[in-house]
Amino acid sequence: MIAKWSRMGDYHASTNGENQDVVCSGENQKYTVISLADGVSTCRKAKMGAQIAGDAITCLLLKRGDYFLDFDKKDTIDITLSHILCELERQKEKDSSQLEEYSSTVASVLFDKENRRLLYFNLGDSVILAAGGGYCRFLAMPAENFAGCPVTTTRGADREVDTRVIDVDGLDSVIICSDGAWRQMVDENRLKPEVSAMLQNGRYEELQAFLSDQDCFDDSSFISMDVRQSTEPFRKTDERQSTEPFRRIDKYQKIRAVQSTNQKKNPGKTPDRISDGCFMTDTGNGRRPEVWHASI
């Protein structure tokens, strides 16, 4: 079961703005994915950017979960950010706008129902919590530093992502909260006792009522997922549905991030860091690599 809630904060309400938080979810026979993206208020197309980021990561993890649960951390980060940024680039070209105008945070959780594993991914100031066995714990904390909050368009964002695969034995639910929500849920860096009790017992309607009663300057949102063992037997899917690889020669091929502007100036050179979201495969034959992104 998935529970989700989102409310516009006082700032956007007072300026005739819009709620720039986006919550997304998807489910198939094998996987469930929940995601939350929070648009940067100072960016003109932040809501659209958050929607694109949330949709992109949700679809990617849902359709290619079998790869991501086996990838190492670097591959998970590189491919996910590449896919999100390519989708943002596509919209940017349509709008003739600047990429930074679509900036947002993004957090997501992929749950493998058959093997009882979970992958979480967090870029920005959201938090991811897990509840079960009479306790709550933080899986992913906000990523903030002296330079501010990293977002999807931040140069070097790959170094700010928190991602990991864990077993879900002993857990009942996982919840993603935007910064507007979790700042109301903690007191002196600890969950408030009443909030902890709500999460431990899956009382998300009470959490919604609790957050609704707070004076929130920022937009507030959460999305949760029940990860308890299903009473229905798991039915295997047709393996042919998951054998199509990403659009590259070998899924373990060395991938390098490419800065498109430098690539145009220096076709023979492949930089070694993320820039605007276009990744390229190293062909190893001196020819210019082809731009790719995760095929979903």
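Note that this is a predicted model, so its numbers are computed, not measured.

Novice: Break down the overall build of the protein for me, with residues and values.
Specialist: Along its length, the protein carries eight helices and 15 strands. Put simply, the protein has 296 residues, and 51% of those count as buried. By sequence separation, contacts in the protein at least 24 residues apart represent 70% of the contacts at least 6 residues apart. Entry remark: accessible area of the protein is about 14,600 Å², with carbon and sulfur atoms responsible for 45%.

Novice: I'd love a proper account of helix 6 (residues 193-200), names of residues and values included.
Specialist: Each full turn of the α-helix corresponds to 3.6 residues, which orients residues three or four apart in the same direction. Within helix 6, burial applies to Val 195, Ser 196, Met 198 and Leu 199. End-on view of helix 6: buried residues confined to an arc of 160 degrees, all on one side of the axis. Packing partners of the buried residues in helix 6 comprise strand 6 (127-132), strand 7 (135-140), strand 9 (173-177), helix 5 (179-185), strand 11 (190-191) and helix 7 (204-212). Of the residues flanking the end of helix 6, it is Gly 202, one or two places downstream, whose phi is positive at about 65 degrees.

Novice: Would you mind going over the pattern of salt bridges in detail, with residue names and values included?
Specialist: Applying the stated rule across the entire model yields 11 salt bridges. The partner of Arg 44 in a salt bridge is Glu 101, and the shortest N-O contact between them spans 4.0 Å. You can see Arg 44 sitting in the loop between strand 3 (31-39) and helix 2 (46-63) and its partner Glu 101 sitting in the loop between helix 4 (73-95) and strand 4 (104-112), a full 57 residues away along the chain. A salt bridge links Asp 179 to Arg 183; the nearest nitrogen and oxygen atoms lie 3.9 Å apart.

Novice: Can you break down the sheet that holds strand 5 (residues 117-123) residue by residue, with the values?
Specialist: Here we have five strands laid out as an open sheet, ordered 2-3-4-5-8, and antiparallel in their pairing. With one partner strand each, in any of the chains shown, strand 2 (21-27) and strand 8 (162-167) form the two edges of the open sheet. Averaged over all pairs of adjacent strands, the angle between their axes in this sheet comes to 10 degrees, without regard to strand direction. Of the strand pairs in this sheet, strand 2 and strand 3 are connected by seven bridges, and their pairing is antiparallel. Among the inter-strand pairings, Ser 25 is bridged to a residue of strand 3, identified as Ile 34. Set on the sheet, helix 4 makes contact with strand 4, strand 5 and strand 8; between it and strand 5 the angle comes to about 60 degrees.

Novice: Account for the packing of helix 6 against helix 7, naming residues and giving values.
Specialist: Where helix 6 contacts helix 7, the axes come no closer than 8 Å and their chain directions differ by 150 degrees. Considered as vectors, helix 6 and helix 7 are oriented roughly antiparallel to each other. Facing helix 6, whose interface residues are Glu 194, Val 195, Met 198 and Leu 199, helix 7 presents Tyr 204, Glu 206, Leu 207 and Phe 210.

Novice: Give me the lowdown on the sheet that holds strand 9, citing residues and values where you can.
Specialist: What the five strands build is an open sheet, ordered 1-12-9-6-7; its pairing is antiparallel. Single-partner strands in this sheet number two, and they are strand 1 (2-7) and strand 7. In this sheet, neighbouring strand axes are inclined to one another by 20 degrees on average, regardless of whether the strands run parallel or antiparallel. Two elements, strand 6 and strand 9, share five bridges in a ladder whose sense is antiparallel. Note that in strand 9 the partner of Val 127 across the bridge is Cys 177. Contacting strand 6, strand 7 and strand 9, helix 6 crosses the sheet at an angle of about 90 degrees to strand 7.

Novice: Report on the confidence of the model for the protein, specifying residues and quantitative values.
Specialist: Per-residue confidence for the protein averages 78 on the pLDDT scale, and 72% of its residues sit at or above 70. Confidence drops under pLDDT 50 across residues 233-296; counting only partners more than four residues distant or on other chains, this segment forms 121 contacts.

Novice: Could you give me a rundown of the pairing of strand 6, with the residues and numbers involved?
Specialist: Counting buried residues along strand 6, six of its six residues qualify, which places the element largely inside the surrounding structure. Burial along strand 6 is two-sided: the residues Val 127, Leu 129 and Ala 131 and Ile 128, Ala 130 and Gly 132 are all buried. When strand 6 meets strand 7, the two strands line up antiparallel, connected through five bridges. From the neighbouring strand, Ala 131 faces strand 7, where its bridge partner is Cys 136. Two successive antiparallel strands, strand 6 and strand 7, enclose a turn made up of two residues, where Gly 133 displays a positive phi of approximately 65 degrees.

What counts, and where the lines are drawn
Residues numbered from 1 in each chain as written. Predicted model: local features only at pLDDT ≥ 70, side-chain atom pairs only at ≥ 80, totals over all residues. Heavy atoms only, no water. Helix = DSSP H or I, 4+ residues; strand = E, 2+ residues; numbered from the N terminus. Buried < 20%, exposed > 50% of the residue type's maximum accessible area, 1.4 Å probe, protein only. Contact = heavy atoms within 4.5 Å. Areas by Shrake-Rupley, 256 points an atom, 1.4 Å probe, with all protein chains shown as cover. Arc of directions from axis to C-beta. Salt bridge = Lys/Arg side-chain N within 4 Å of Asp/Glu carboxyl O. Pairing = 2+ DSSP bridges. Axes fitted to C-alpha atoms, helices over the stretch in contact; angles between N-to-C directions. Parallel < 35°, antiparallel > 145°, perpendicular 65-115°, else oblique. pLDDT = per-residue confidence, 0-100.

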